[in-house]
Amino acid sequence: MSAETKVPVTIDHDGFTFFLDPTGTVSAEDVADTGNAFALLKNEFVVAAGSQTQTYPYSMVEGLNINKKEAVNLIDSVSGLKGIIIPVVTLFLLLFSSAASFIEVSILALIGLALKNIAGRKLTYRHLWRMAAYSETLPTLFFTIMAALKTTVPNTFFINWFVAIIVLLLAIKEIPRPKQAS
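Attention in this report is confined to the structure presented alongside it. Here the structure is a predicted model, which is why all the values come from computation and not from measurement. (Residues numbered from 1 in each chain as written. Predicted model: local features only at pLDDT ≥ 70, side-chain atom pairs only at ≥ 80, totals over all residues. Heavy atoms only, no water.)

## Description of helix α4 (residues 125–135)
For clarity, the cut-off: Whether a residue is buried, partly exposed or exposed follows from its accessible area with a 1.4 Å probe, protein chains only, as a fraction of its type maximum: under 20%, in between, or over 50%, in that order. A run of DSSP states H or I qualifies as a helix once it reaches four residues; a run of E qualifies as a strand once it reaches two. Both are numbered from the N-terminal end. The directions from the helix axis to the C-beta atoms form the arc being described. In this description, contact between two residues means that some pair of their heavy atoms is separated by no more than 4.5 Å.
Regarding α4, the residues found buried are Leu128, Met131, Ala132 and Ser135. In a view along the axis of α4, the buried residues occupy a sector of 105°, so they form one face of it. Exposed side of α4, more than 90 degrees from the buried face: Arg126 and Tyr134 are the residues found there. In this fold, the buried residues of α4 make contact with α3 (82–119), α5 (137–148) and α6 (156–174).

## A word on the layout of surface pockets
Filter applied, for reference: Throughout, the protein atoms alone are placed on a 1 Å grid, and a set of points is a cavity if a 1.4 Å probe fits but cannot get out or a pocket if it is open with protein on both sides within 12 Å along at least five of seven lines; lining residues have an atom within 4 Å of a point. Grid points are joined across faces, edges and corners, and a volume is the space filled by probe spheres set on the points. Residues are sorted three ways: Asp, Glu, Lys and Arg are charged, Ala, Val, Leu, Ile, Met, Phe, Trp, Tyr, Cys and Pro are nonpolar, and all the rest, Gly among them, are polar.
The volume enclosed by the second largest pocket comes to roughly 670 Å³. Taken together, 21 residues line the second largest pocket, and the ones lying closest to its centre are Gly50, Ser51, Ala147, Thr151 and Thr152. Within the residue set of the lining of the second largest pocket, elements represented by two or more residues are α5 and α6. Tallying contributions element by element places α5 first for the lining of the second largest pocket, with five residues. A breakdown of the residues in the lining of the second largest pocket according to their chemical character gives eight nonpolar, ten polar and three charged.

## Some words on α6
One turn of the α-helix equals 3.6 residues, which is why residues spaced by three or four share an orientation. The cut-off we apply is this: In this scheme, a helix's expected span is set at 1.5 Å multiplied by one less than its residue total.
End to end, α6 covers 27 Å across 19 residues, agreeing with the expected 27 Å (1.5 Å per residue, within 8%). Where α6 is buried, its residues contact α3, α4 and α5.

## Section: the packing of aromatic side chains
Where we set the bar: Stacked, tilted and edge-to-face are the three classes applied to pairs of Phe, Tyr and Trp rings, where Trp contributes its six-membered ring and a pair requires centres within 6.5 Å; stacked means planes under 30 degrees apart, edge-to-face means over 60, and tilted covers the rest.
One pass over the structure, following the stated rule, counts eight aromatic pairs. Residues Phe142 and Phe143 carry aromatic rings whose centres are separated by 5.1 Å and whose planes lie at 65° to one another, so their mutual orientation is edge-to-face. Assessed through its relative accessible area of 18%, Phe143 is described here as buried. Taken together, Phe18, Phe38, Phe45 and Tyr56 form an aromatic cluster joined through their ring pairs.

Structure (structure tokens):
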């Protein structure tokens, strides 16, 4: 990357930081330490959001040469389309997150089939699916509050599944055992 600046440029706006560094002074770790950021570095571009950082080399976009005038025109055209882009992206995110939640609850209900056999309860998959959906409420609420407080929780994947399975197991144990025929 080349630019008309001899020093790194940093722009911070509403908790989002943009870096432009053709000199090689700023590293991907520096970008990750700032939180939510996008950086155009000497040999790569970096996206940091929500305690996760992704780096991409410029070789991924070979043959792309953008000068200042083309960049300004691109930004202006995208800015004019934001009334269309934002609803489409929002709808895509809603559909993707809903599908992911549906799959998660379905897998948890499958785990519930094994748990109900171990606990000796008589339940069907449809009952377990509903119970699994309810058992996802506690970890979802917890992680929502942590995100609102901007607190990083390590091992979120494992904590989410562990809490959901424990809540589902406790719910299954509350179901009365089937009566034995005498």
